[in-house]
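Observations on the model geometry
Spelled out from the first residue to the last, the chains are:
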Amino acid sequence: MKTLPITSPPTPWGFPPATIILGNNEVHVWRASLDEPPPQRDSFLHTLAAEEQTRAQRFYFQTDRERFINAHGVLRAILGLYLDRAPKCLSFCYSSYGKPALTLESGGDAIRFNMSHSRGVALYAVTRGREIGIDLEFIRCDLEVEQIAERFFSRSEIATLRALPTDLQKHAFFLCWTRKEAYIKARGEGLSLPLDQFDMSLIPGEPAALLSTQPDSDEAVRWSLKELTLASGYVAALAVEGRGWTLSCWQWPRPLRSTA
């Protein structure tokens, strides 16, 4: 008998108010399509720094190049809203593990952000005074998820995955994977943080959670995890330092508003 799918509550993606205000205990997540028409893409291209334009030209496939331009153009546009600055005037710096941040001159002391994209869809997370990470994955049917799990997941996660009905295992794998990715992106340490040294919840329908961490067991209570639901075929997760924050999910682009 086929197992009935276990679904999580849908994420309410709405349009933001005319004035964007980000409180100290708020997290905003934006969803955007990366398949923008040429006029919008050309506009984004002119907001990118020379280094970003060079990176875009390195992509072999045109679709990948265009989506890179759109992804970074939208990021600049969104951050510009919060900082009341022209997107082109923003500058970025990177940690030793590649995590991007705004420079202090561009408002890096005011907001933190993270982004992820997959198959033409992007997510952007923005907050203040706390670390944040986000990950988005398209569920690929060609992956041997059990083999990948055995290589990267903790023993507890592997056991939980194997105990699930076969037709739920692929979804559960991607739930776990995105949560792990969001957490290590929030920590900003890349794969120097071993993926098998912490346990994530992964049973479909159950709340996202960082269950345990090694060697410091107190690390787990520092973080909050949230599953984000998008279109069918995508899985996403948000990791935020601390608790007691509220989440708002917005759709990009914002609708044009009449000035009459």
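For the structure itself, look to the data block above.
**Quick notes on the environment of Thr 11**
Within the secondary structure layout, Thr 11 lies in the segment before β1 (26–33). By relative accessible area, which is 11% here, Thr 11 ends up buried. In this structure, the C-alpha to C-alpha distance between Thr 11 and Leu 143, residues 132 residues apart in sequence, is 26 Å. If we skip the residues at most four places from it in the chain, Thr 11 touches Glu 227, Leu 228, Thr 229 and Cys 249.

**What about the pattern of salt bridges?**
In total, this model carries 15 salt bridges according to the counting rule given. Across the salt bridge formed by Arg 222 and Glu 219, the nearest N and O atoms sit 2.9 Å from each other. A relative accessible area of 34% places Arg 222 in the partly exposed class. The exposure class of Glu 219 is buried, given its relative accessible area of 9%. Note that Glu 241 and Arg 222 form a salt bridge whose closest N and O atoms lie 2.6 Å from each other. Of this pair, Glu 241 sits in strand β10 (residues 234–241) while Arg 222 sits in the loop between β8 (210–213) and β9 (223–228); the two residues are 19 residues apart in sequence, bridging distant segments of the chain. Put simply, Arg 187, Glu 189, Glu 219, Arg 222 and Glu 241 are held in one network by salt bridges that share partners.

**Points about the packing of aromatic side chains**
Tallied over the entire structure, the rule returns 12 aromatic pairs. For the pair Phe 59 and Phe 68, a centre-to-centre distance of 5.4 Å together with 45 degrees between the ring planes defines the contact as tilted. According to the relative accessible area criterion, Phe 59 is partly exposed, its value standing at 32%. For Phe 68, a relative accessible area of 6% corresponds to the buried category. By way of ring pairs, the aromatic residues Phe 152, Phe 153, Phe 173, Phe 174 and Trp 177 are connected into one cluster.

**Regarding the sheet that holds strand β5 (residues 121–127)**
Reading across the sheet, the 4 strands line up as β4-β5-β1-β11 and stay open at both edges, with mixed pairing between neighbours. Looking along the sheet, the strands with just one partner apiece sit at the ends: β4 (112–118) and β11 (246–251). The mean inter-strand angle of the sheet, taken between neighbouring strand axes irrespective of direction, is 15 degrees. Judged from the 6 bridges that link them, β1 and β11 form a sheet pairing that is parallel. When the bridges of β11 are listed, Arg 31 appears paired with Gln 251. Along the sheet face, helix α3 (residues 62–83) touches β1, β4, β5 and β11 and points at about 25 degrees away from the line of β5.

Thresholds, definitions, all that
- Residues numbered from 1 in each chain as written.
- Predicted model: local features only at pLDDT ≥ 70, side-chain atom pairs only at ≥ 80, totals over all residues.
- Heavy atoms only, no water.
- Helix = DSSP H or I, 4+ residues; strand = E, 2+ residues; numbered from the N terminus.
- Buried < 20%, exposed > 50% of the residue type's maximum accessible area, 1.4 Å probe, protein only.
- Contact = heavy atoms within 4.5 Å.
- Salt bridge = Lys/Arg side-chain N within 4 Å of Asp/Glu carboxyl O.
- Phe/Tyr/Trp six-rings, centres within 6.5 Å; stacked < 30°, edge-to-face > 60°.
- Pairing = 2+ DSSP bridges.
- Axes fitted to C-alpha atoms, helices over the stretch in contact; angles between N-to-C directions.

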